[in-house]
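Structure at a glance
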Amino acid sequence: MIEVLKFGETALQNDQTIAKVIEIIKKHQENKLIVVVSAMKNGPYATKTLSTLANNLTIDEASRIVSCGETISSVILSSRLKNANLKAISLSCHQIGLKTRKKRLVAINQARIKKLFETYDILIIPGFQGINEQGEIRILDPGDSDYTAIYLAKRLKLDRVYLYSQAGGIYTGDPEFIDHPKLLSHINYFQVLDLVKYQSGIIAFKALAEANKIDQFKIMLRSYSNEKIGTLINHDDLNVRTMAIDFDYHLIRFETVIDNQDRKYFHDHFGKDYFIKKENLSKLKTPYLIMRNYTKIHFVGCGLNKDEIYRNFLDRFAIVSQNETASYYINERTQHQDINLLHDII
């Protein structure tokens, strides 16, 4: 039997985290393993660091340098596994025929995988990349190491994939900002797809969408630092209540007639004012004033918009989204207090 495991950015950051990864791999040793790795989160081999070097380059050159982070992670892990007397090898996309077209993976040489498993127990593959029809390396979208792992599991006709990260699961609220979040042991694709539209860092949307198309497929989210922490994602019908936090919105007021090109940056409106993401302010052509800064809260599975008591309560200190169901904007100045209050409601 084959299993696919994926380890995220922080899992290969130092000797201590790598040691934990090796222990996890040893626990899965009864099966042949494909291990997909991300680049390290920080340092010279991080994707964000390598991306800063990709200036004035062709797409071939930029893809080669940005893809180095995952390749380095795969070789380092291979070396450590061999030192632990495990039969492992790191492989390039060329070696296994992992092909991409328009930022999606489209082929894998399964015969090559099968042949390699005759010699090795663990195949380590860099995520976030593939080769095009000309055999040139191409990078995928940010976070697509998750997608790589799910695609491989799909093509090998497996019923699950293990995704290891630092957080290791989905909570009732982001643990970085919520004082007392609760771990969700189980959530379905519909709910988590809704959640990740507003909160990055859980799992890539494209990866979830790919997994959702596979009948009876399960994603096992796990923490590499504590395997007791985890969340199962599958197609079960569930009643789950959670919330997403999306920062950096500005409520702005235009001083003149709005340029039509600016309207594509509008996320929402409040009266005659508009909500714009901070990253898009510099793209606006029409002069504007910033009225106030906000954070968006999106509720999943809570039904607060249907509950008159909760709705009246929220209306006192939050702005109701006009474009999205169960989304609210809260003042950035009191966001920690308000976010935790809203979390306690659900």
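The sections below set out a description of the structure shown in this document. (Residues numbered from 1 in each chain as written. Predicted model: local features only at pLDDT ≥ 70, side-chain atom pairs only at ≥ 80, totals over all residues. Heavy atoms only, no water.)

Positionally, Ala-39 belongs in the loop between β2 (32-37) and α2 (47-52). Among the residues examined, Ala-39 registers a relative accessible area of 2% and is labelled buried. When the C-alpha atoms of Ala-39 and Ser-145 are compared, they prove to be 9.1 Å apart, with 106 residues separating the residues in sequence. Apart from the residues within four sequence positions on either side, Ala-39 is in contact with Glu-9, Tyr-45, Thr-47, Gly-69, Glu-70 and Ser-73. (Helix = DSSP H or I, 4+ residues; strand = E, 2+ residues; numbered from the N terminus. Buried < 20%, exposed > 50% of the residue type's maximum accessible area, 1.4 Å probe, protein only. Contact = heavy atoms within 4.5 Å.)

Within the fold, Ile-252 resides in strand β15 (residues 242-254). Assessed through its relative accessible area of 0%, Ile-252 is described here as buried. When the C-alpha atoms of Ile-252 and Ile-139 are compared, they prove to be 36 Å apart, with 113 residues separating the residues in sequence. For Ile-252, the contacting residues outside a window of four places in its chain are Asp-273, Tyr-274, Ile-276, Leu-281, Leu-284, Tyr-288, Leu-289, Ile-290 and Met-291.

Of note, Asp-146 is situated in helix α7 (residues 144-155). Relative accessible area serves as the criterion here: at 10%, Asp-146 is assigned to the buried category. Engagement of the side chain of Asp-146 in a polar contact is seen with the backbone nitrogen of Ala-204, the distance being 3.4 Å. Setting aside residues no more than four positions away along its own chain, Asp-146 makes contact with Lys-6, Leu-163, Ile-203, Ala-204 and Ala-207. (Polar contact = N/O pair within 3.5 Å; in protein donor to acceptor, adjacent residues only side chain to side chain.)

Pairing in this open sheet of six strands is antiparallel, and the strands run β16-β17-β15-β18-β20-β19 from one edge to the other. Lying at the two open borders of the sheet, with one neighbouring strand each, are β16 (268-270) and β19 (318-320). Taken over all neighbouring pairs, the strand axes of this sheet differ in orientation by 40° on average, direction set aside. Taken together, the three bridges between β16 and strand β17 (residues 273-277) define a ladder with antiparallel strand orientation. Bridging from a neighbouring strand, His-269 pairs with Tyr-274 of β17. Against the sheet, helix α11 (residues 335-345) makes contact with β15, β18 (288-300) and β20 (327-331), and its axis sits at roughly 135° relative to β15, the strand it touches most. (Pairing = 2+ DSSP bridges. Axes fitted to C-alpha atoms, helices over the stretch in contact; angles between N-to-C directions.)

Three or four residues apart is the spacing at which side chains of an α-helix point the same way, because the helix has 3.6 residues per turn. Inspection of helix α3 (residues 59-66) places Ala-62, Ser-63 and Val-66 among the buried residues, and these make up the whole buried set. Across the axial projection of α3, the buried residues extend over an arc of 100°, all falling on one side. Packed against the buried residues of α3 are α2, α4 (68-83) and β8 (137-139). (Arc of directions from axis to C-beta.)

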